[in-house]
Amino acid sequence: MNLKVILDKCDGCGLCAQSCPFGGIVVEGGKAKVLDVCTECGICPESCPTKALDMGGVAVGPAEQGTAAYRHILIFAEQRDLKLTRVAKQLVGKARDLANLLGVKVKAALLGKGVEPLAQELVAVGADVVFLYDDPKLANYQTDAYTKVMFELINAEKPEIVLFGATHIGRDLAPRLAQRLATGLTADCTELEIDEGERLLLQTRPAFGGNIMATITCPEHRPQMATVRPGVLREPDPDPSRRGEVVVKAVKVTDADFGTVVLQIIKAAKQAVNLEDAEIIVSGGRGVGGPDKFPLLEELAGLLGGVVGASRAAVDSGWISHDHQVGQTGKTVRPKLYIACGISGAVQHQAGMKDASCIVAINKDPLAPIFQLADYGIVGDVKEIVPAMVAEIKANWMEGKL
């Protein structure tokens, strides 16, 4: 445990115990005492007026070390069911481009049980070094344990940039680490660039409801940290001949590092739609007319080998579940074909699908914003055009033309 009490400085005021959200520190015999449940979140040292709490050399508050001490880019390589997530590969690919500009290496942290075969996949898409933490204790994601492992790695390696996917896991892990490392974090980025002169990561994300794109920097603290939405970055083509270094790391977590215990993982009976991996998406908006029209979109999507998406308006109306939503508050997708049916094309929706290879828009309003983005536009009623498309596809299929 890094957190220590400097007894000579402690006056037993109790402010640290009051500030701890986990009950990890108490006052006994007029002195503070750190308990095993302490998560080392870094809150209590900030509350201590006598500076009697020491985080083992880890900065609390503004970083005192110069930014020049930090180099290289580190990716949290998220995996699920022993498969790398697409966003992990996307991040490594983008990090490779940024690292080439900075003249540094791309490093990846791979945590789990039985994940060793995935290390070469990371090397193939651009990683120079993979830190491998392969241990039964890390079989399931658990906040406290993963935070401890990543915190110790970052503290030892001192990367200047650390990137996470904006997934459920990334959104849980990244802010915990940012607080403990006393640095900034930009969430849900849609674009990353580098200011080569200042070595600053330019982190772009939607702001004010998606009406503007804000570019954020972290000039005074390191590492620079960001979560990036899945699908906004291009997944690089793997190079199996590429060589890199795999560093096997010891897992220094104990039962005391687990605030909770996973007894069983039960897969949901309903399989959520996988929009981010889909190559063809047929999306419906308010112009579809109601929930009874979505089966028609499902039929079209099925004939094309795709899945059904939706705008926020359709989801908010209760016509289809949220896991189908595309846009700023939904999924960011990059399919080969995106068919927007009855979607006006507000900037919030465009933020989630503008990078599709081919966009087809169907809308009765010839002035709908979606037409400015579309490669092909059809002005007309979705309820007439989509059935005609379905009939044409079926006819050509029967005649062997498809």
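Everything below is about the structure shown above.
Residues numbered from 1 in each chain as written. Predicted model: local features only at pLDDT ≥ 70, side-chain atom pairs only at ≥ 80, totals over all residues. Heavy atoms only, no water.

## Some points on unusual backbone geometry
A cis amide bond links Arg222 with the next residue in sequence, Pro223, at an omega value of 0°. Assignment of secondary structure puts Pro223 in the loop between β14 (212-216) and β15 (224-228). In this model, His72 sits at a positive phi of 80°, which is unusual for a non-glycine residue. Position of His72 relative to the elements: it lies in the loop between β4 (53-54) and β5 (73-76). (Helix = DSSP H or I, 4+ residues; strand = E, 2+ residues; numbered from the N terminus.)

## Focus: the sheet that holds strand β9 (residues 129-134)
Overall, parallel pairing links the seven strands, which are arranged β11-β15-β10-β5-β8-β9-β16 in an open sheet. Strands with a single pairing partner mark the edges of an open sheet, and in this sheet they are β11 (185-189) and β16 (245-248). Each strand of the sheet is rotated relative to its neighbour by a mean of 20°, with strand direction disregarded. Pairing analysis gives four bridges linking β5 to strand β8 (residues 106-112), with the strands arranged parallel. Residue Leu74 lies in a different strand from β8, and its bridge partner there is Lys107. Its contacts with the sheet place helix α5 (residues 143-157) against β5, β8, β9 and β10 (161-165), and it is angled at close to 155° to β8. (Pairing = 2+ DSSP bridges. Axes fitted to C-alpha atoms, helices over the stretch in contact; angles between N-to-C directions. Contact = heavy atoms within 4.5 Å.)

## Some words on the pattern of salt bridges
According to the stated counting rule, one finds 19 salt bridges in the structure shown. For Asp188, the salt bridge is made with Arg171, and the minimal N-O distance between the two is 2.9 Å. A residue pair is termed long-range when its members are at least 10 positions apart, and Asp188 in strand β11 and Arg171 in helix α6 (residues 168-181) qualify at 17 residues. For Asp188, a relative accessible area of 19% puts it in the buried group. Residue classification places Arg171 among the partly exposed residues on the basis of a relative accessible area of 43%. Shared partners join several salt bridges into a network, and the residues in it are Arg86, Glu235 and Asp277. (Salt bridge = Lys/Arg side-chain N within 4 Å of Asp/Glu carboxyl O. Buried < 20%, exposed > 50% of the residue type's maximum accessible area, 1.4 Å probe, protein only.)

## Description of the nonpolar core
Core analysis: the largest hydrophobic core is formed by 34 residues, its most contacted members being Ile73, Ile75, Leu110, Leu122, Leu163 and Leu192. The leading source of residues in this core is helix α3 (residues 86-102), at seven residues. Apart from the residues lying within four places of it in its own chain, the contact partners of Leu163 are Leu74, Ile75, Phe76, Leu91, Leu192, Leu201 and Ala226. Phe131, Val149, Leu173 and Ala174 belong to the second-largest nonpolar core, a separate cluster that totals 26 residues. (Core = buried A, V, L, I, M, F, W, Y, C linked by side-chain atoms within 4.5 Å.)

## Observations regarding the side chain of Lys89
Along the polypeptide, Lys89 turns up in helix α3. Non-local contacts of Lys89, meaning those with residues more than four positions away in its chain, are made with Leu84, Glu121, Glu235 and Pro236.

## With respect to the pairing of β10
With five of five residues buried, β10 lies mostly within the body of the structure. In β10, alternate side chains face the same way, and those of Ile161, Leu163 and Gly165 on one face and Val162 and Phe164 on the other are all buried. With three bridges joining them, β5 and β10 adopt parallel strand pairing. Within β10, the position partnered with Leu74 by the bridge is Val162. Across five bridges, the pairing between β10 and β15 is parallel. Note on β15: the bridge partner recorded for Val162 is Met225.

## Considerations on the packing of α5 against α6
Where α5 meets α6, the axes come as close as 10 Å, and the angle between the chain directions of the two elements is 50°. Classified by the angle between their axes, α5 and α6 sit oblique to one another. Between α5 and α6 the crossing geometry is right-handed. Along the contact surface, α5 presents Thr143, Asp144, Tyr146, Thr147, Lys148, Met150, Phe151 and Ile154, while α6 presents Asp172, Leu173, Arg176, Leu177, Arg180 and Leu181. When grouped by side-chain class, the residues that make up the contact of α5 with α6 number seven nonpolar, two polar and five charged. (Parallel < 35°, antiparallel > 145°, perpendicular 65-115°, else oblique. Left-handed = near helix turned anticlockwise from the far one by under 90°. Nonpolar A, V, L, I, M, F, W, Y, C, P; charged D, E, K, R; others polar.)

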